[in-house]
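Descriptive analysis of the structure
This is what each chain is made of:
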Amino acid sequence: GVGQRHRRGGRVTVPQDVRPASFIDCAAYADGRRVTDLDLDGIRPALQQDGQFVWLGLCEPDEAMMRRVQDVFGLHDLAVEDAYAAHQRPKLEVYGDSLFVVLRTAALSEAGGQVTFGETHAFVGHNYVVTVRHGSHQSHASLRQRCELTPTLLAKGPGYVLYALMDYLVDQYFPVVQQLEEEVEQLEETVLDDVPDSGVTVEVYRLRREAVALRRALVPLVDVCNRLMRFELPIIPEGTHVYFRDVYDHVVRLNDMLESQREMLTTALEVHWSMLSVAQNEHMKRMTAWAGMIAVPTMLAGVWGMNFAHMPELHWVSGYYLALGLMVASAAGLYIGFRRSGWL
């Protein structure tokens, strides 16, 4: 069962085949170093040890797993409900002596390069960190490894783990935003082509929708970072406040990039509509010019086609040729005039 363990090199390891599918990794840390691998049954004794904290990672746990984790760590009902249901906006909430942080993840899909979103929830106490991942296919194993490679920083405790998690997830936005920026630049080149493309409007709205979705995930992090940088949360050690300022700077930079791209897309759409309007006006002028050239001969033919008994021109020997000549001359004159005015 889950309680089976193996000891290797003085360190307890839990076989992967006996862990629940949602149970990714769990370990106890002391002085910034990983001292023991844990299963759910071993977490409670580890929490009672002074000078160490527990870091548990879960991925899309079911309700039963969340209730077990809640019982072990003493998590608040409302926070557990949010972590299980997912689909939350980024936020930070304080429940007694613990924090509950909701973060949105963003990545480019391998298929079509579309932006896909996920969620990561973090429960942070004075001696534990629990992360719950939803929707994101990118593992956090590299984050844990990076933290373990810097034991001096990891020794700062759960507050530093929260910073590392936020920094790791925010950094994932940069390639997404840069890809969006490249697509916006390509779209600008398309908009400035001589031949307006009606598909540009659809592309502009797609890119604007992605930019809005990214900003919706990032803007709330400004408030989250502001609260973590202040001294109102005793769970966050004073020495880690400066690290959250780094995350804050990254979030502000990303928001500025997205705002700039949103303005560029708005401008591109306005230019595109203007060029479509100009192209439409050009077509209308051509149609009007050709209609004018056809209207004059039609008018002359209509005049001599009236059924009046006394029309002197009808009896002229050269009347037919004169009428044709007048029609051709009038049409040619109109054509030359329209060409000079730029209508043709």
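This report concerns the structure included in the present document. (Residues numbered from 1 in each chain as written. Predicted model: local features only at pLDDT ≥ 70, side-chain atom pairs only at ≥ 80, totals over all residues. Heavy atoms only, no water.)

Topic: the pattern of salt bridges
If charged atoms from side chains of opposite charge come close, those side chains can pair. For the record, the criterion: Whenever Lys or Arg places a side-chain nitrogen within 4 Å of a carboxyl oxygen from Asp or Glu, that contact is recorded as a salt bridge. To qualify as a helix, a DSSP run of H or I must reach at least 4 residues; to qualify as a strand, a run of E must reach at least 2; elements of each kind are numbered from the N terminus. The cut-offs for exposure are 20% and 50% of the maximum accessible area for each residue type, with area from a 1.4 Å probe on protein chains only; residues under the lower value are buried, those over the upper are exposed, and the others partly exposed.
Applying the stated rule across the entire model yields 13 salt bridges. In this structure, E183 engages R206 in a salt bridge whose closest nitrogen and oxygen atoms are separated by 2.9 Å. Linking E183 in helix α7 (residues 173-191) with R206 in helix α8 (residues 199-229), this pair joins segments that are 23 residues apart in sequence. Residue classification places E183 among the buried residues on the basis of a relative accessible area of 16%. By relative accessible area, R206 is classed as buried at 16%. The structure contains a network of salt bridges with shared partners spanning D25, R34, D37, R144 and E148.

A few points about the sheet that holds strand β8 (residues 115-125)
Each strand in a sheet pairs with another by means of backbone hydrogen bonds, the pair being arranged parallel or else antiparallel. Rules: By the convention used here, strands pair only if DSSP detects at least 2 bridges between them. Every axis in this analysis is a line fitted to C-alpha atoms, fitted for helices over the stretch in contact. Angles between the N-to-C directions lie between 0 and 180 degrees. By definition in these notes, contact holds between two residues if any of their heavy atoms fall within 4.5 Å.
The sheet built from 7 strands is open, its strands ordered β4-β3-β5-β9-β8-β7-β6 with mixed pairing. The open sheet has two edge strands, β4 (33-37) and β6 (91-95), and neither has a second partner. Across the sheet, the axes of successive neighbouring strands diverge by a mean angle of 20°, strand direction being ignored. By the bridge criterion, 10 bridges tie strand β7 (residues 98-108) to β8 in an arrangement that is antiparallel. In the sheet register, V102 faces β8, and the bridge partner there is H121. Of the strands in this sheet, β3 (23-30), β5 (52-59) and β9 (128-134) touch helix α1 (residues 40-47), which is tilted by about 155° from β5.

Considering the nonpolar core
Side chains that are nonpolar tend, in soluble globular proteins, to be buried together. Put simply, the test is: The set of buried Ala, Val, Leu, Ile, Met, Phe, Trp, Tyr and Cys residues whose side-chain atoms join them within 4.5 Å is what this entry labels a nonpolar core.
By size, the foremost hydrophobic cluster in this structure holds 58 residues, and its most contacted members are L99, L162, M166, L214 and L228. Those residues in contact with L162 that lie beyond four places of it in its chain are L99, V101, A122, V124, L228, I236 and F244. With 27 residues, the next largest nonpolar core counts C26, L40, V102 and V132 among its residues.

Here we look at a nonpolar patch on the surface
Under the convention used in this document: A residue counts toward a patch only above 30% relative accessible area and without a salt bridge, and it is joined to like-charged neighbours within 9 Å or, for Val, Leu, Ile, Met, Phe, Trp and Tyr, to nonpolar neighbours within 5 Å. Here the Shrake-Rupley method, with its probe set to 1.4 Å, supplies the accessible areas, and only the displayed protein chains count as covering residues.
Taken together, Y205, W273 and L276 make up a surface patch of nonpolar side chains, about 290 Å² in accessible area. You can call W273 partly exposed: its relative accessible area is 43%.

Points about α1
As a reminder, the rule being used: The arc in question is the one traced by the directions running from the helix axis out to the C-beta atoms. The term polar contact refers here to a pair of N or O atoms within 3.5 Å; inside protein, the definition further demands a hydrogen-donor-capable atom paired with an acceptor-capable atom, and it admits residues adjacent in sequence only when both atoms are side-chain atoms.
Among the residues of α1, those classed as buried are L40, G42, I43, A46 and L47. For α1, the angular spread of the buried residues around the axis is 145°, confining them to a single face. Tucked into the core, α1 has its buried residues touching β3, β5, α2 (63-73) and β9. Residue D39 occupies the N-cap position of α1, its side-chain oxygen lying 3.2 Å from the main-chain nitrogen of D41.

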